[in-house]
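Overview (structure and organization)
Listed below, chain by chain, are the residues.
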Amino acid sequence: MASFTLPPIHDNPDGGWGPSSSNIPEQYKFKDIPYAPYSKTDKLGRFADWNDPTGDNRQATVGLPSTRDARGTGRSRRDGAQAFGSGTASAFAYFHVEDESSFSLVDNKAAPPRRGGAFGRGRATGRGGTGNFNTRGNARGVARGGFNNRGGVQRGARRGWRDWEKTNRTRESSVAISPQWTMLEEIEFHRLAKLKLEVDEPENIDTYGRVFAYDKSYDRITTKTERPLQLVDRIKYNTTTSDDPVIQQLVSKNVANIYTTDAILSVLMCAPRSVYPWDIVILREGSNLYFDKRDGGPFDTVTVNENASDPPQDPAPPNPNNPVEKTAVPEPPSINSATSLSLEATYINQNFGFQSVQETVTADFSHPNPFYGPEETEPLASCGYRYRVFDLGITEDEDVKICVRTEVDAFIPGAGNVQEGHGLVTVRALNEFDPRAQGAGGAPDWRSKLDSQRGAVVATEMKNNSCKLAKWTVQSVLAGAEQMKIGYISRANPKDNTRHVILSTASMRPTDFAAQLNVSLANGWGIVRTITDLCMKMPEGKYVLIKDPNKSVIRLYAVPMAAFTTEDEDGEAFEGDEHESAA
């Protein structure tokens, strides 16, 4: 009977997996053959794949990264990426070098053209395309991935498909963060969305300014009776909280603990909807808080399609580490870039508010405009300021009140006493630039859809400009306006951003529009109270609340008292222009 002798087993003294290079018997012939390392956890699912969708399995053979679709098949997703030892299998690759080099084409004459497609049997291919595989019978398979119906390369060409894989350009912060600043708190937006605080009706402290009557003829404009947008030269002030002389008087009377404006407060209340960066300067003096803005900051302009899936982009700045880009002449910004559209929208908002009022019919508030000096010669725009105090206290003993300077743009004649808040109106404008440009957000053509399918236009704007519309609505509610007038304004020519036409005007109640937008004022007041409590716990000084440019996060920094006091000349130019704070 034959006997079986167990050969000696050579353990790996290195403690690794596989044969050891230092302990290989001399009689074995594979001593100099390279070994491909692998992990014990690797799943050996297949040793040959004849269904390679790339059509070229040479890359997979030598261990190079495959060009197949990132989704892969269901099996590869479950097995996971086997990265251990990848790239070392190239040592075992074998190429038919001699066979390929000796290959030559015998017949190099062009093939005669064929009539009809490969599967058309002489039929015309206009319906399915021009290629052999574009006939009607096969177009469906090619569109869904060709031979590989799951994850073919053609499927990724659909608009909006797998947008989450696109590498979005990183945005710059609205203010340069100094290394000397100290970060005190970081709050994610999903935590802010859970806050809630019910606030009672406010107390009206005082009113200032003069408003003009709204011209109701603008409510009857249609796409067939469009009006050109005119350039109206008027002065409208956008003063920050600390520079407001009325607020300084109210501080001496201890009217409230917190002081701000409706533009700044609306950004804070609608923070979870924001995408673009912003910053709010917070000053604590004694038991008082002041929410301020920087001159020339994001509060002086209006955003465009901020919440679109593919918002407008600014051109990438030159790389300072690349000498080729450093010496290149910077290209002029496109009229459809984010910055250009923001300035255009600000210009449209200002002039539509100036144009849509009747300056012959006026209504005065209790006091004149507090910012208009005797040396001013240009006429004032229609604007009324209402200073209102909201009680943010949770209990009756708690004394937390916020004084807000709110703005209204016009009034409706015959609706009642304007000084008591009857018939007040806020005027805003949405603008269309180029439906086919990058960043349009799939908006329909307003000239063809605004009269027949207004609901589709409104729904698209509510999706692409959710944050902007929410801020406008909150500002109207804070001011106690009875109506919002929103104009639909488009370019006269999509290639020209200087001439515009008014296509229509919509009227709505702010509270009803807030319900349509799913804007919760209780959530906004909860956010304000949370930020207020954070700042009240800090010592006296200056702080800045910054929205991260690329994440849904806000951060609170402690900054020196001298920060933001010396603005450059460009920032002072914004103050002279007095941009509207509708953002």
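Coordinates for the structure precede this section.
Residues numbered from 1 in each chain as written. Predicted model: local features only at pLDDT ≥ 70, side-chain atom pairs only at ≥ 80, totals over all residues. Heavy atoms only, no water.

Our next topic: the overall build of the chain. Of the regular secondary structure elements, the chain holds 15 helices and 15 strands. Counting all 583 residues of the chain, 42% fall into the buried class. Sequence-distant contacts, at least 24 apart, represent 73% of the contacts inside the chain between residues at least 6 apart. Accessible surface for the chain amounts to roughly 33,600 Å². Of this, 51% is attributable to carbon and sulfur atoms. (Helix = DSSP H or I, 4+ residues; strand = E, 2+ residues; numbered from the N terminus. Buried < 20%, exposed > 50% of the residue type's maximum accessible area, 1.4 Å probe, protein only. Contact = heavy atoms within 4.5 Å. Areas by Shrake-Rupley, 256 points an atom, 1.4 Å probe, with all protein chains shown as cover.)

This next bit is on a nonpolar patch on the surface. A cluster of nonpolar residues, Phe4, Leu6 and Ile9, forms a patch on the protein surface that exposes about 420 Å² of accessible area. Look at Leu6 and you get exposed, because its relative accessible area is 61%. (Patch = residues over 30% accessible without salt bridge, like charges linked within 9 Å, V, L, I, M, F, W, Y side chains within 5 Å. Salt bridge = Lys/Arg side-chain N within 4 Å of Asp/Glu carboxyl O.)

Core analysis: the biggest nonpolar cluster contains 62 residues, and Ile282, Trp525 and Ile531 have the highest contact counts within it. With six residues, helix α14 (residues 521-537) is the largest single contributor of residues to this core. Ranked by size, the runner-up nonpolar core spans 18 residues in total, among them Ile235, Leu250, Tyr259 and Tyr387. (Core = buried A, V, L, I, M, F, W, Y, C linked by side-chain atoms within 4.5 Å.)

Here we come to helix α12 (residues 466-479). Over its 14 residues, α12 extends 20 Å from the first C-alpha to the last, a length consistent with the 20 Å expected when each residue adds 1.5 Å. With 13 of 14 residues buried, α12 lies mostly within the body of the structure. Looking at the residues trailing α12, positive phi occurs at Gly480, about 75 degrees. (Expected span 1.5 Å × (residues − 1).)

Our next topic: unusual backbone geometry. Positive phi is not limited to glycine here, since Asn305 has a value of about 55 degrees. Among the secondary structure elements, Asn305 is positioned in the loop between β6 (288-292) and α8 (323-327). The class of Asn305 is buried, set by a relative accessible area of 4%. For Asn518, which is not a glycine, the phi torsion comes out positive at approximately 60 degrees. Looking at the secondary structure, you find Asn518 in the loop between α13 (510-517) and α14.

Position of Thr223 relative to the elements: it lies in the loop between β2 (203-214) and β3 (227-228). Owing to a relative accessible area of 14%, Thr223 belongs among the buried residues under this scheme. There is a polar contact of 2.5 Å between the side chain of Thr223 and the side chain of Asp451. The contacts of Thr223, once residues within four sequence positions are left out, are Trp446, Arg447, Leu450, Asp451 and Leu503. (Polar contact = N/O pair within 3.5 Å; in protein donor to acceptor, adjacent residues only side chain to side chain.)

The relative placement of two aromatic rings is captured by the distance of their centres and the angle of their planes. Tallying each qualifying case throughout the model produces nine aromatic pairs. Here the aromatic rings of Tyr218 and Phe352 are separated by 6.4 Å at their centres, their planes lie at 85 degrees, and the arrangement is edge-to-face. With Tyr218 in the loop between β2 and β3 and Phe352 in helix α9 (residues 338-355), the pair connects residues that are 134 residues apart, well separated along the chain. On the basis of relative accessibility, which here comes to 0%, the residue Phe352 falls in the buried class. Linked through ring pairs, Trp181, Tyr557 and Phe564 together constitute an aromatic cluster. It is Arg227 that lies over the ring of Tyr218; its NZ or CZ is 4.6 Å from the centre. (Phe/Tyr/Trp six-rings, centres within 6.5 Å; stacked < 30°, edge-to-face > 60°. Lys NZ or Arg CZ within 6 Å of the ring centre and 35° of its normal.)

Structurally, Glu172 is set in the loop between α4 (136-143) and β1 (182-188). You can call Glu172 exposed: its relative accessible area is 63%. The sequence separation of Glu172 and Asn550 amounts to 378 residues, and the corresponding C-alpha distance is 8.3 Å.

So, on to the side chain of Asn464. Here Asn464 is to be found in helix α11 (residues 454-464). Asn464 sits in the buried class, given a relative accessible area of 0%. Contact partners of Asn464, with chain neighbours within four places excluded, come to Asn305, Glu306, Asn307, Ala308, Ala440 and Gly441.

Okay, the packing of helix α7 (residues 262-269) against α14 next. At their nearest, the axes of α7 and α14 sit 8 Å apart, and the two run at 100 degrees to each other. Taken together, the axes of α7 and α14 are roughly perpendicular relative to one another. In contact with Leu265, Leu268 and Met269 of α7, α14 contributes Leu521, Gly524, Trp525, Ile527, Val528 and Ile531. When its residues are assigned to classes, the contact of α7 with α14 shows eight nonpolar, one polar and no charged. (Axes fitted to C-alpha atoms, helices over the stretch in contact; angles between N-to-C directions. Parallel < 35°, antiparallel > 145°, perpendicular 65-115°, else oblique. Nonpolar A, V, L, I, M, F, W, Y, C, P; charged D, E, K, R; others polar.)

Taken as a whole and assessed by the stated rule, the structure comprises 17 salt bridges. Taking the shortest distance from any N to any O, the salt bridge between Asp409 and Arg428 comes out at 2.8 Å. Taken together, the residues span a long stretch of sequence, with Asp409 in the loop between β9 (401-408) and β10 (410-411) and Arg428 in strand β11 (residues 424-432) at a distance of 19 residues. The class of Asp409 is buried, set by a relative accessible area of 5%. It is possible to trace a salt-bridge network through shared partners that takes in Glu186, Asp548 and Arg555.

For the rest of this paragraph, the subject is the pairing of β11. Counting buried positions along β11 gives nine out of nine residues, so the element sits mostly inside the fold. Across the two faces of β11 the burial is the same, with Leu424, Thr426, Arg428, Leu430 and Glu432 and Val425, Val427, Ala429 and Asn431 all buried. Sheet topology places β10 next to β11; two bridges connect them, and they run antiparallel. Bridging across to β11, Phe411 finds its partner in Leu424. With eight bridges connecting them, β11 and strand β12 (residues 483-493) associate as parallel partners. Opposite Asn431, over in β12, you have Ile489 as the bridge partner. (Pairing = 2+ DSSP bridges.)

Coordinates in, geometry out; function isn't part of it.
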